[in-house]
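Read off the chains here:
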Amino acid sequence: MPWWLRAAALVGTGVALLPLAYLVVRAAQYPPGDFIDVVFSARSGRLAVTSLALTGAVTALCVAVGVGLAVLVTRIRVRGRLALGVAAALPLAIPSYVAAFGWQSMNALISPGTTFEGFAAAVLVITSVTYPYVYLPAVAALVAVDPGQEEAARSLGRGPVTTFFTVTARQAAPAITAGGLLCAVYVIADFGAVSILRVDTFTRAVFTSFSMGFDRLGGIALSSVLLVFTLCVLTAEGRIRRTGTRYASLSGASRTRPELLDVGRWAAPAALLGWAPVVVGLGVPLCALGVWSAQGVSRPGSIGEILAALGNSLWAAGAAAAATTVVAVPLGLWLARRPTVLARLLERTAYLAHSLPGVVIGLSVVMLGITVLPGLYQTMWLLTLAYCTLMLPLALGPVFSSALSAPPELEDAARALGKSPLLAYARVTLPLMLPGIISGALLVLLTVIKELPATLMLRPTGFDTLATRLWTYTGNESYAAAAPFAALLVLVAAVPAWMMISRLLKEVR
Amino acid sequence: MTRTLMPAALALLALTLTSCGNAADDQEDGAGEQAEAGQDSLVLYSGRNEELIQPLIDQFTEDSGIEVEVRYGDTAELAAQILEEGEDTPADVFLAQDAGALGAVAQEGLFDELDAETRGQVPEAFRDAEDHWIGVSGRARTLVYNTDLLDEEDLPDSVAELTEPEYEGRVGVAPTNASFQSFVTAYREVEGEQAAEDFLTGLAENDPQIREKNGEIVSDVADGAIEMGLVNHYYLYGRAAELGQDPADLNIANHLFGGGDIGALVNVAGVGLFDAEHEASQTLVEHLLSEDGQRYFAEETAEYPLIEGVEGPEGMPALEDLDVPEIDLNSLEDLETTVQMITESGLVG
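Residues numbered from 1 in each chain as written. Chains lettered and ligands numbered in written order. Predicted model: local features only at pLDDT ≥ 70, side-chain atom pairs only at ≥ 80, totals over all residues. Heavy atoms only, no water.

### A few points about the interface of chain B and chain A
And step 1. Residue-level contacts link 59 residues of chain B with 62 residues of chain A.
And step 2. Here chain B and chain A share an interface that buries about 5,100 Å² over both sides, 59% of which is from carbon and sulfur atoms.
And step 3. Scanning the region where chain B abuts chain A turns up four salt bridges.
And step 4. Close ionic contact of arginine 198 of chain A with glutamate 216 of chain B constitutes a salt bridge, the shortest N to O distance being 3.1 Å.
And step 5. Run the count over chain B and chain A and you get 15 residue pairs in polar contact (both at pLDDT 80 or more).
And step 6. Contributing elements (two or more residues each) for the side of chain B that touches chain A: α1 (2-37), α2 (50-64), β2 (67-72), α3 (75-85), α4 (99-107), α8 (214-223), α9 (235-243) and α12 (335-345) of chain B.
And step 7. The dominant element in the side of chain B that touches chain A, judged by the number of residues it contributes, is α1 of chain B, at 11 residues. (Contact = heavy atoms within 4.5 Å. Buried area = accessible area lost by both parts, 1.4 Å probe. Salt bridge = Lys/Arg side-chain N within 4 Å of Asp/Glu carboxyl O. Polar contact = N/O pair within 3.5 Å; in protein donor to acceptor, adjacent residues only side chain to side chain. Helix = DSSP H or I, 4+ residues; strand = E, 2+ residues; numbered from the N terminus.)

See the structure below:
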């Protein structure tokens, strides 16, 4: 681990996490008495119970659905396995606010006079668009498990189920926990779905504080509770995951494909069960889009307006993906090679920032821009910084996993053969990490296309993305005008989702 | 796979970063031009929806040759952003949906005083006593109700009656919305703190249907999921426009509280200027208050014009004929107590 890589990791991550410092600065300005009053109120207690229950329920369901689907797609012989494998990743392209609006529209259509809201509705809707955060890494992990080890276990007399739990699942566990962590953090930070479905969580309360009389400090007090929350989740996750455990196999090209399990007459029901979450996650919102276009008379602006929004979305997302990757690579490598206290601290801090509502990061970057970097205020640079802060863990996860499987011994060998450290790194390690780097970048790309609150606050004046246009039209109840933007947003976000999953599924074709 | 993707990824990276660089250059050029041109352009922060405001702005640019860069957002979020930006705000004009938000920005001393000629056009009731902001359109509070389910006789004369057992579970409210908060602040001003607190507690105990936005209340009332709801008068017109129907043909109607009841509050959308010397900003305010601008509000957004001689929205009584409560809109800036009261009442999470 050369010093310059560590320095790059430190500087890059430091810059990316700068906005988090705002919260500390601001929290310090709050009179401690009032701070404690907000944090330890009865309301705060109610919010905590709801937030914890929602996070727990959605995460558990996501792990069940995500892992189940991943096993089905990679290990069981069912008809249309690969089609299901691809389709199962696509709900990731649906923003939670679009899903929630979609469910409500469909409910109004099917049973007028009733409402679709509350805790159970939120669990259903959020799970339906969040489970791919577990599904994708689970597929990647199941594909990467060396079948040779499974064969060894089988040849030593273990049955297929026992082998799966003792050998396969154990190796896939870090990836699955990391995915579960992303789900949990996503639920903690989600605003769109919970506000539309009327479930009171901490994040909704933070937004309410900002929008009710722009009580900035009250919002920040509640945000600090969110931070404590995430810390608990992170600690729990840290206990499950053992960083630095490597199962790298050097069998390389000679490795065989995992064997598909024949389940006989259970194949059809299994396939049906597999398609259920896809229909729920993808089908309902897409039907709603159709209904919106058919019902209203409001019309979106010109093709030019739509294309401009599309271009801006792609540009913002591209810049964010590039910048976040640049920060994530050295940090991921550092974590994998030498998980020092400092590196671990940076990683955990990145998850903390990720769990904050977009509006808090948005406001912190506003302040940073105004006071420290006035020349960059309301430019793409500052918007990209906010994305970097919000999205770092998304890129970090896959980069870290791939860094684990790129053994330092190979780099050492290259250096022993006379290559400079930089060249050894660029020629040996970087190519081995590339699949992870690409996956991370795609995940950031996709998430930024869907992102709303930070984009609204920080975009250059007059810079409209698909998401901000969608927000404008739905804010005015002009669903027919919103429909093409929503459809295009889902379509564009589906491309990275499709690229990620089809790269993974190549291995099990 | 890896080999083919690598150059592509690098190319994408390079492309993105280059375009980033260009954008920054453009921005700098833009800023330079702006400084030179000065009076030919302005930056507007609009807390009002783009669909409603942009046509008016386009008309303004066409008439005056002044380019307007508009930053759209939620009124409260933009106010928070302006407060954070302070003196350095890039905004020249703030167009807000509610007197309370304008009051909060004015309180920080960020607005400049408006000139006497401009403010003279708007009745005193609809502008700031210290001339830091001015109303450009008026909106009345109403109780929207489903005409299939209810007759107007079934509805109360005073908003306070909604706390009575008879209305349990039947009323929609949007307690986190700025328009509801302004209404509660007005309640405190007119009826006193205790009465306002009793009203909120009574409302909360009466199991109301909580919604995030007024628009959701109106569509749920139309769908029959809620019987009636507290909103502003023009949401009904917005729904009619989206469905392509005549407002009179809808199955919902506005019930106006009479007798100067606080439920009949008329609030304003208004503007404040950050630099009164900036001529382009001044011209924009004049445009909003011109006959064309005011007619636009009456016809396109179904709001009340505030200058004399322009007719109000069709199907609504004239502004002078509304039986509005006596209230000074400047007093609506004290949102903090209101927000605390609403939160403590249990109407919010």
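Having seen the structure, we can now continue with the description.
### A few points about the pairing of strand β1 (residues 41-46) of chain B
Residue and element names in this part refer to chain B.
And step 1. Along β1, six of the six residues are buried, which leaves the element largely enclosed by surrounding structure.
And step 2. Going residue by residue along β1, you find Ser41, Val43 and Tyr45 tucked away on one face and Leu42, Leu44 and Ser46 tucked away on the opposite face as well.
And step 3. Sheet topology places β1 next to β2; six bridges connect them, and they run parallel. Pairing of serine 41 across the sheet is with glutamate 67, part of β2.
And step 4. Crossover connection from β1 via α2 to parallel β2: handedness right-handed. (Buried < 20%, exposed > 50% of the residue type's maximum accessible area, 1.4 Å probe, protein only. Pairing = 2+ DSSP bridges. Right-handed = clockwise from strand over helix to strand, strands pointing away.)

### What to know about the confidence of the model for chain A
Residue and element names in this part refer to chain A.
And step 1. Averaged over all residues, the pLDDT of chain A equals 85, while 94% of them reach at least 70.
And step 2. Across chain A, the secondary-structure element scoring lowest on mean pLDDT is helix α9 (residues 147-155), at 77, and the one scoring highest is helix α7 (residues 119-130), at 96.
And step 3. Segment residues 250-254: pLDDT under 50, and two contacts once partners within four positions in sequence are set aside and those in other chains are kept. (pLDDT = per-residue confidence, 0-100.)

### With respect to a negative patch on the surface
Residue and element names in this part refer to chain B.
And step 1. On the surface, Asp151, Glu152, Glu153, Asp154, Glu164 and Glu166 cluster together to form a negatively charged patch.
And step 2. Positionally, aspartate 154 belongs in the loop between β4 (134-146) and β5 (171-173).
And step 3. Accessibility expressed as a relative area gives 38% for aspartate 154, which makes it partly exposed. (Patch = residues over 30% accessible without salt bridge, like charges linked within 9 Å, V, L, I, M, F, W, Y side chains within 5 Å. Areas by Shrake-Rupley, 256 points an atom, 1.4 Å probe, with all protein chains shown as cover. Lys, Arg positive; Asp, Glu negative; His and termini not counted. Charge placed at Lys NZ, Arg CZ, Asp CG, Glu CD.)

### Observations regarding the domain arrangement of chain A
Residues and elements named next belong to chain A.
And step 1. Structurally, chain A comprises domain 1 (1-26 + 296-508) and domain 2 (31-248 + 265-294).
And step 2. Averaged C-alpha coordinates put domain 1 and domain 2 at centres separated by 20 Å.
And step 3. The partner domain 2 presents 51 residues to the 50 residues of domain 1 that form the contact.
And step 4. Both faces considered, domain 1 and domain 2 share a buried interface measuring about 4,600 Å² in area, 75% of it formed by carbon and sulfur atoms.
And step 5. For the interface between domain 1 and domain 2, the tally reads zero salt bridges.
And step 6. For the pair domain 1 and domain 2, the interface holds four residue pairs in polar contact (both at pLDDT 80 or more).
And step 7. Elements with a contribution of two residues or more to the side of domain 1 that touches domain 2: α2 (18-29), α16 (341-354), α17 (358-371), α18 (380-404), α19 (408-416), α20 (421-450), α22 (466-475) and α23 (479-505).
And step 8. Ranked by residue count, the leading element in the side of domain 1 that touches domain 2 is α23, at 15 residues.
And step 9. Considered class by class, the residues forming the side of domain 1 that touches domain 2 number 37 nonpolar, five polar and eight charged. (Domains from an automatic or database assignment. Nonpolar A, V, L, I, M, F, W, Y, C, P; charged D, E, K, R; others polar.)

### Comments concerning the domain arrangement of chain B
All names here are of chain B.
And step 1. Structurally, chain B comprises domain 1 (41-138 + 267-318) and domain 2 (140-264 + 334-345).
And step 2. Domain 1 and domain 2 are separated by 26 Å when their C-alpha centres are compared.
And step 3. Counting from both sides, the interface comprises 14 residues of domain 1 and, opposite them, nine residues of domain 2.
And step 4. With both chains or domains summed, domain 1 and domain 2 bury close to 850 Å², and 63% of this area falls on carbon and sulfur atoms.
And step 5. Three residues, Asp98, Ala302 and Met316, lead the burial of domain 1 against domain 2; their summed loss comes to 45% of the area buried on that side.

### What about unusual backbone geometry?
And step 1. Unusually for a residue other than glycine, aspartate 207 of chain B sits at a positive phi of about 55°.
And step 2. Summarising the element assignment, aspartate 207 of chain B is placed in the loop between α7 (193-205) and β6 (209-210).

### Re the nonpolar core
Generally speaking, nonpolar side chains in soluble globular proteins are found buried as a group.
And step 1. Among the nonpolar cores identified, the biggest contains 280 residues, and Tyr135 of chain A together with Phe94, Phe180 and Phe183 of chain B are the most heavily contacted of them.
And step 2. Those residues in contact with phenylalanine 180 of chain B that sit more than four places away from it in its chain are Arg141, Val173, Ala174, Pro175, Leu200, Leu203, Leu230, Ile342 and Leu347 of chain B. (Core = buried A, V, L, I, M, F, W, Y, C linked by side-chain atoms within 4.5 Å.)

### Observations regarding the pattern of salt bridges
And step 1. Inspection of the entire model under this criterion finds 19 salt bridges over all chains.
And step 2. Across the pair aspartate 200 of chain A and arginine 204 of chain A runs a salt bridge whose closest N-O atoms are separated by 3.1 Å.
And step 3. We classify aspartate 200 of chain A as partly exposed; its relative accessible area is 27%.
And step 4. Assessed through its relative accessible area of 6%, arginine 204 of chain A is described here as buried.
And step 5. A salt bridge links arginine 170 of chain B to glutamate 227 of chain B; the nearest nitrogen and oxygen atoms lie 3.0 Å apart. Here arginine 170 of chain B, found in the loop between β4 and β5, pairs with glutamate 227 of chain B, found in the loop between α8 and β7 (228-232); they are 57 residues apart in sequence, far enough to count as distant.
And step 6. The exposure class assigned to glutamate 227 of chain B is partly exposed, which follows from its relative accessible area of 24%.
And step 7. What you see here is one network of salt bridges that share partners, running through Glu117 and Arg198 of chain A together with Arg211, Glu216 and Asp220 of chain B.

### Things to note about the packing of helix α6 (residues 178-191) of chain B against α7 of chain B
Residues and elements named next belong to chain B.
And step 1. Viewed as axis vectors pointing N to C, α6 and α7 meet at an angle of 135°, and their least axial separation amounts to 6 Å. Considering the angle they form, α6 stands oblique to α7. In this structure, α6 uses Phe180, Phe183, Val184, Tyr187, Arg188 and Glu191 to contact α7, whose residues at the interface are Glu193, Ala195, Ala196, Phe199, Leu200 and Leu203.
And step 2. By residue class, the composition of the contact of α6 with α7 is nine nonpolar, no polar and three charged. (Axes fitted to C-alpha atoms, helices over the stretch in contact; angles between N-to-C directions. Parallel < 35°, antiparallel > 145°, perpendicular 65-115°, else oblique.)

### Section: α8 of chain B
Residues and elements named next belong to chain B.
And step 1. Of all 10 residues in α8, nine are buried, a share of seventy percent or more.
And step 2. Asn214, Gly215, Glu216, Ile217, Val218, Ser219, Asp220, Val221 and Ala222 are the residues of α8 that are buried.
And step 3. Buried residues along α8 sit in contact with β4, β5, α6, β7, α9 and β8 (252-255).
And step 4. Where α8 ends, the next residue or the one after it, glycine 224, has phi of about 85°, a positive value.

### Description of empty space enclosed by the protein
To find leftover empty space, a probe the size of one water molecule is rolled over the atoms.
And step 1. Within the structure shown, the criterion is met by four cavities of 30 Å³ or more.
And step 2. Of the voids in this model, the largest cavity is the one considered here, and its volume is about 50 Å³.
And step 3. Leu456 and Met457 of chain A together with Arg71, Tyr72, Gly73, Asp74, Glu77, Leu78 and Gln81 of chain B are the residues that line the largest cavity.
And step 4. Secondary-structure elements contributing two or more residues to the lining of the largest cavity are α21 (453-458) of chain A together with β2 and α3 of chain B.
And step 5. The leading source of residues in the lining of the largest cavity is α3 of chain B, at three residues.
And step 6. Taken together, the residues that form the lining of the largest cavity break down as four nonpolar, two polar and three charged. (1 Å grid on protein atoms, 1.4 Å probe; cavity = no way out; pocket = protein on both sides within 12 Å on 5 of 7 lines; lining within 4 Å. Points joined across faces, edges and corners; volume = space filled by probe spheres on them.)

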